[in-house]
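Summary of structural features
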Amino acid sequence: MNQLKKNAQAVLRGNWQNGFTIPCQGLYPFQWNWDSGFIALGWAHIDPEHAKQEIRSLLKGQWSNGFLPHIVFHNPSDSYYPGPEVHGAELSPYSPEIPTSGITQPPVLGFILEYIYMRLDTDPTFLDFVASVYDAVYANHEYFYTQRDPQQEGLVYICHNWEAGTDNTPVWDFIWDTFTVPQYDLPRKDTSLIDASHRPTNAEYCYYIHLIELFKTWNYEDARIAAESPFLVQDPLFNSMLIASNNSLIRLGKLLGRSAQVSQLQAWNTKAKQRFNEKLYDSELGGYVYYDLRGERKLSHLSSSSFTPLFAEIPSAAQAAAMIAHLDGGRFSGAQHERLLCASFDPTSSLFNSQKYWRGPIWINLNWLIYEGLLNYGAKDTAAQIRTDSIALIEKYGFYEYFECDRIKNETLDTGYGGNNFSWSAALILDLLKSQ
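Residues numbered from 1 in each chain as written. Predicted model: local features only at pLDDT ≥ 70, side-chain atom pairs only at ≥ 80, totals over all residues. Heavy atoms only, no water.

**Details of the overall build of the protein**
- Within the protein, the regular secondary structure consists of 18 helices and 7 strands.
- For the protein, the C-alpha radius of gyration of 20 Å lies close to 22 Å, the compact-globule estimate for 436 residues.
- Along the first, second and third principal axes, the C-alpha atoms of the protein reach 55 × 55 × 45 Å.
- Within the protein, the fraction of its 436 residues that count as buried is 64%.
- A sequence separation of at least 24 residues applies to 70% of the contacts in the protein between residues at least 6 apart. (Helix = DSSP H or I, 4+ residues; strand = E, 2+ residues; numbered from the N terminus. Rg over C-alpha atoms; globule rule 2.2 N^0.38 Å. Buried < 20%, exposed > 50% of the residue type's maximum accessible area, 1.4 Å probe, protein only. Contact = heavy atoms within 4.5 Å.)

**Side note on the environment of Glu338**
- Within the secondary structure, Glu338 is located in the loop between helix H14 (317-327) and helix H15 (364-376).
- In contact with Glu338, not counting residues within four places along its chain, are Ser333, Cys405, Asp406 and Arg407.
- Side-chain polar atoms of Glu338 contact the backbone nitrogen of Gln336, separated by 3.2 Å. (Polar contact = N/O pair within 3.5 Å; in protein donor to acceptor, adjacent residues only side chain to side chain.)

**Notes on unusual backbone geometry**
- With an omega of 5°, the peptide bond running from Tyr81 to Pro82 counts as cis.
- Relative to the assigned elements, Pro82 resides in the loop between strand E2 (71-72) and helix H4 (84-87).

**Considering H14**
- Among the residues of H14, Gln319, Ala320, Met323, Ile324, His326 and Leu327 are the ones counted as buried. End-on view of H14: buried residues confined to an arc of 145°, all on one side of the axis. The outward face of H14, more than 90 degrees from its buried face, is lined by the exposed residues Ala317 and Ala318.
- Those residues of H14 that are buried are in contact with helix H13 (259-280), strand E4 (281-282), strand E5 (287-288), H15 and helix H16 (380-397).
- In the segment just after H14, Gly329 is the residue with positive phi, at about 85°. (Arc of directions from axis to C-beta.)

**With respect to the confidence of the model for the protein**
- Averaged over every residue, the pLDDT of the protein is 97; residues scoring 70 or more account for 100%.
- For the protein, helix H18 (residues 423-435) is the element with the lowest average pLDDT, namely 95, and helix H12 (residues 236-256) is the one with the highest, namely 99. (pLDDT = per-residue confidence, 0-100.)

**A look at the packing of helix H5 (residues 109-119) against H12**
- One way to put it is that H5 packs onto H12 with a least axis distance of 6 Å and a crossing angle of 50°. Classified by the angle their axes make, H5 and H12 are oblique. The two elements H5 and H12 meet at a crossing, and its hand is left-handed. On H12, the residues touching Leu109, Gly110, Phe111, Leu113, Glu114 and Tyr117 of H5 are Met241, Ala244, Ser245, Ser248, Leu249, Arg251, Leu252 and Leu255.
- Broken down by class, the residue content of the contact of H5 with H12 amounts to 9 nonpolar, 3 polar and 2 charged. (Axes fitted to C-alpha atoms, helices over the stretch in contact; angles between N-to-C directions. Parallel < 35°, antiparallel > 145°, perpendicular 65-115°, else oblique. Left-handed = near helix turned anticlockwise from the far one by under 90°. Nonpolar A, V, L, I, M, F, W, Y, C, P; charged D, E, K, R; others polar.)

**Regarding H15**
- Taking 1.5 Å per residue as the helical rise, H15 with its 13 residues ought to reach 18 Å, and the 19 Å between its terminal C-alpha atoms agrees with that figure.
- Taking burial as the measure, the 13 residues of H15 include 11 buried ones, the bulk of the element.
- Among all positions in H15, only Ile364, Asn365, Leu366, Asn367, Trp368, Leu369, Ile370, Tyr371, Glu372, Gly373 and Leu374 are buried.
- A positive phi of about 75° marks Gly378, the residue just after H15. (Expected span 1.5 Å × (residues − 1).)

**Brief notes about the packing of H12 against H13**
- For the pair H12 and H13, interaxial distance at closest approach is 10 Å and the crossing angle is 150°. Viewed along their axes, H12 and H13 adopt a mutual orientation that is roughly antiparallel. Handedness of the crossing formed by H12 with H13: left-handed. Residue-level contacts link Pro236, Asn239, Ser240, Ile243, Asn246, Asn247, Leu249, Ile250, Gly253 and Lys254 of H12 to Val262, Leu265, Gln266, Asn269, Ala272, Lys273, Phe276 and Leu280 of H13.
- Residues of the contact of H12 with H13, tallied by class, amount to 9 nonpolar, 7 polar and 2 charged.

**Examining the pattern of salt bridges**
- Evaluation of the coordinates by the stated rule reveals 20 salt bridges.
- With its nearest N and O atoms 2.8 Å apart, the salt bridge here joins Glu153 to Arg275. Residue Glu153 is located in the loop between helix H6 (124-147) and helix H7 (161-164), and its partner Arg275 is located in helix H13; the two are separated by 122 residues in the primary sequence.
- Taking the shortest distance from any N to any O, the salt bridge between Glu204 and Arg359 comes out at 3.5 Å. Here Arg359 lies in the loop between H14 and H15 and Glu204 lies in helix H10 (residues 202-217), a separation of 155 residues in the sequence. With respect to burial, Glu204 and Arg359 carry one shared label: buried.
- Salt bridges sharing common partners tie together Glu153, Arg275, Glu278 and Lys279. (Salt bridge = Lys/Arg side-chain N within 4 Å of Asp/Glu carboxyl O.)

**With respect to the nonpolar core**
- Phe38, Phe111, Ile116, Trp172 and Trp368 are the most contacted members of the largest nonpolar core, which has 156 residues in total.
- Among all residues touching Phe111, those that are not within four sequence positions of it are Phe38, Met241, Ala244, Ser245, Ser248, Phe311, Trp368 and Leu369. (Core = buried A, V, L, I, M, F, W, Y, C linked by side-chain atoms within 4.5 Å.)

Put into structure tokens, the structure is as follows:
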């Protein structure tokens, strides 16, 4: 395990860019929002000052309305598409001087701050750092509840598949079926850097770029997006991350004496948790699903995102038991436990693909979230299995972006999938190793 820790530390140091950490060389050469949150947690085990710099660098990209973009383009690079010129975030009057994208990602900073604080044994100097960024993180939450919840029901929407973090989950296929897009010129770089068959298709990318083009014509105005975007989804992962971060900001805010902000966060959370269970839980499937606001329908498919409410302490004990059963001899593990945990999409579905990005492979960040969520509900054995599977994959293949979930296929493979020396895989393995 000592060598694994050293290797993980080497990955983070190799991806450090004098103030922030890229996800991996070539494939992702900028700073990504939720990546940086997980990466900061990893840095806390090596160099807490780097963790602070990571978060400060991300917040440099925050817009004046509290919005936090999914990419901050600190540095020039020609190895990634779409770059800042495609996103055109400067069209928004709220955008900062530094180039950013105009869409966001799951809001993890709130709970990451608390995790780092606890991992550092409640170091008062880190609490001072939390105090220095608390208002910025709170402003991001305020943005979501005031600008991304048109029905004022406590659930916020995403308007682009990249905002979910689960870029090409099969769930989005049902959204793409509702509208058509032009054929765009796609000077993609990713498919020349890694196996193109593991990446989203060009047909899917045309939808991704079309949404950005629509947002640009509307100058990224939230009211126009809410009224007109063909993609408007309440995602269980995104809302779980927001609620979990609310939980953490409430606890941290009490330590810091932020009573007014704590009261508002508690009000948002009370409404959010109730509506989450009313609207996103599918009792027939025994798990949380997605809601298409534009089509006014549930998208009833299970994915790794369906388990993230455990992390935010949303399910009842009965709901949690039904979800855990999927991981322990159910859909995701298989009756004979022939699958490693946890596939990114329901392995019993005809849409499942164990090699293709978010259509089936294992991702370490989701495994970490599910592991921590299982511990919240006392499911120590299932949590231990996820931890064991995650570490075993890293030990065999190295710090890849995502991994095969089929045990038999893994006997014949000698590599993981996607980018190698991937920062959040390294960062979260450091945390999982610490957790034992």
